[in-house]
Amino acid sequence: MRTIIAGNWKMHKDLQGAIDLVDALLSGSKDMPAGPAVVIAPAFPFLGIAVERTRGSRIAVAAQNCHQAAQGAYTGEVSVPMLKSLGVSHCIVGHSERRQYFGETDAAVGEKIGALLEHGITPIYCCGERKEEREGGRHFDVVGTQLKAALGGLAPDRIGRIIVAYEPVWAIGTGLTATAQQAQDMHAHIRSLLGTHGDVVAREVPILYGGSCNPKNAEELFACPDVNGGLIGGAALIAEQFLDLVRIAQLVKHLN
Ligand code: PEP
């Protein structure tokens, strides 16, 4: 199973800040011959420069969102072919901030996943329950419904090409983290749901944990058998912390 450490930069950094962070990650990771796959997701304006600077390195570049249509009169949006033409290889979809602030629905997320796969870009599909849903004991059902809505229409060979990120909404940017047991239980649940699309899907789709993951709590989380790495927000903005997370994943998952 692949291990992946992905950084979601959200709406942070200006041009120089993005260049400095990319360069710090490049110099900090060049002596790491083995280890997890590393993905960074800068904001749209900096994708091109991030792709150029990371070419030939171990760092892949992701967008944080895309539109499902190939082109058209959708002011302010960015299409998958546009991302493809820049050399972007991954795209986060369905992040809870997109769902919460921009009204993104499960159906739209499903269409975005289809468009990305069509163009050979790997979707990093985010799912996760809100605080009240966990407190009400509905977290497994909520995540199951999200997965079904997003992946239901896709053929198994396509589902096998995605990355899932479990991000409990109550843990994102709050400093609260799922316990290792909570993460493992949900990841195992997601893996069993993926298994309904075939054994290969269950075996090959990495499931990342996201939600206030940092170098202090990562070892315990990454040690869970069904946690295949992390989608990192705040700690991805500080090169030393993000590189520490890459090193921790390398050690914990024995990637030598
Ligand atoms: C995220 O938003 O994807 C995320 C995991 O953020 P943070 O690590 O800051 O909680």
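Residues numbered from 1 in each chain as written. Predicted model: local features only at pLDDT ≥ 70, side-chain atom pairs only at ≥ 80, totals over all residues. Heavy atoms only, no water.

Visitor: Which parts of the structure should I look at to understand the overall build of the chain?
Guide: Within the chain, the secondary structure is distributed over 12 helices and eight strands. Of all 256 residues assigned to the chain, the portion counted as buried reaches 55%. Accessible surface, the chain as shown: approximately 11,300 Å² in total, 53% of it carbon and sulfur. Distance from the positive charge centre (23 side chains) to the negative charge centre (26 side chains) of the chain: 2 Å. (Helix = DSSP H or I, 4+ residues; strand = E, 2+ residues; numbered from the N terminus. Buried < 20%, exposed > 50% of the residue type's maximum accessible area, 1.4 Å probe, protein only. Areas by Shrake-Rupley, 256 points an atom, 1.4 Å probe, with all protein chains shown as cover. Lys, Arg positive; Asp, Glu negative; His and termini not counted. Charge placed at Lys NZ, Arg CZ, Asp CG, Glu CD.)

Visitor: Can you help me understand the site of the ligand in this one?
Guide: Within the structure, the ligand sits among 14 residues, and K10, H95, E167, G173 and S212 are positioned closest to it. The separation between an oxygen atom of the ligand and a polar main-chain atom of G233 is 2.9 Å. Taken together, the residues of the shell around the ligand break down into four nonpolar, eight polar and two charged. (Near = heavy atom within 4 Å. Polar contact = N/O pair within 3.5 Å; in protein donor to acceptor, adjacent residues only side chain to side chain. Nonpolar A, V, L, I, M, F, W, Y, C, P; charged D, E, K, R; others polar.)

Visitor: Help me understand the environment of T105, please; the structure alone is not making it clear to me.
Guide: Within the fold, T105 resides in the loop between α4 (96-102) and α5 (106-118). For T105 and I238, which are 133 residues apart along the polypeptide, the C-alpha to C-alpha distance reads 31 Å.

Visitor: It is not clear to me how the nonpolar core should be interpreted in this structure. Could you clarify?
Guide: Nonpolar side chains in soluble globular proteins tend to be buried together. Judged by nonpolar contacts, the single largest core of 72 residues is most densely connected at I113, I190 and F222. The element that contributes the greatest number of residues to this core is helix α12 (residues 239-252), accounting for eight residues. Setting aside anything within four residues of it in sequence, one finds I190 in contact with C127, V143, L147, V164, Y166 and I207. (Core = buried A, V, L, I, M, F, W, Y, C linked by side-chain atoms within 4.5 Å. Contact = heavy atoms within 4.5 Å.)

Visitor: Mind showing me how you'd approach helix α1 (residues 15-29) here?
Guide: Because the α-helix completes a turn every 3.6 residues, residues three or four places apart line up on one side. With 15 residues, α1 extends 21 Å from end C-alpha to end C-alpha; this agrees with the ideal 21 Å at 1.5 Å per step. Within the span of α1, buried status applies to G17, A18, I19, L21, V22, L25, L26 and S29. (Expected span 1.5 Å × (residues − 1).)

Visitor: What is the right way to read the packing of aromatic side chains from this model?
Guide: One pair of aromatic rings is described through two measures. These are the centre distance and the angle between the planes. Enumeration over the complete set of coordinates arrives at one aromatic pair. The residue whose ring lies beneath R98 is F102, and the NZ or CZ to ring-centre distance is 4.1 Å. (Phe/Tyr/Trp six-rings, centres within 6.5 Å; stacked < 30°, edge-to-face > 60°. Lys NZ or Arg CZ within 6 Å of the ring centre and 35° of its normal.)

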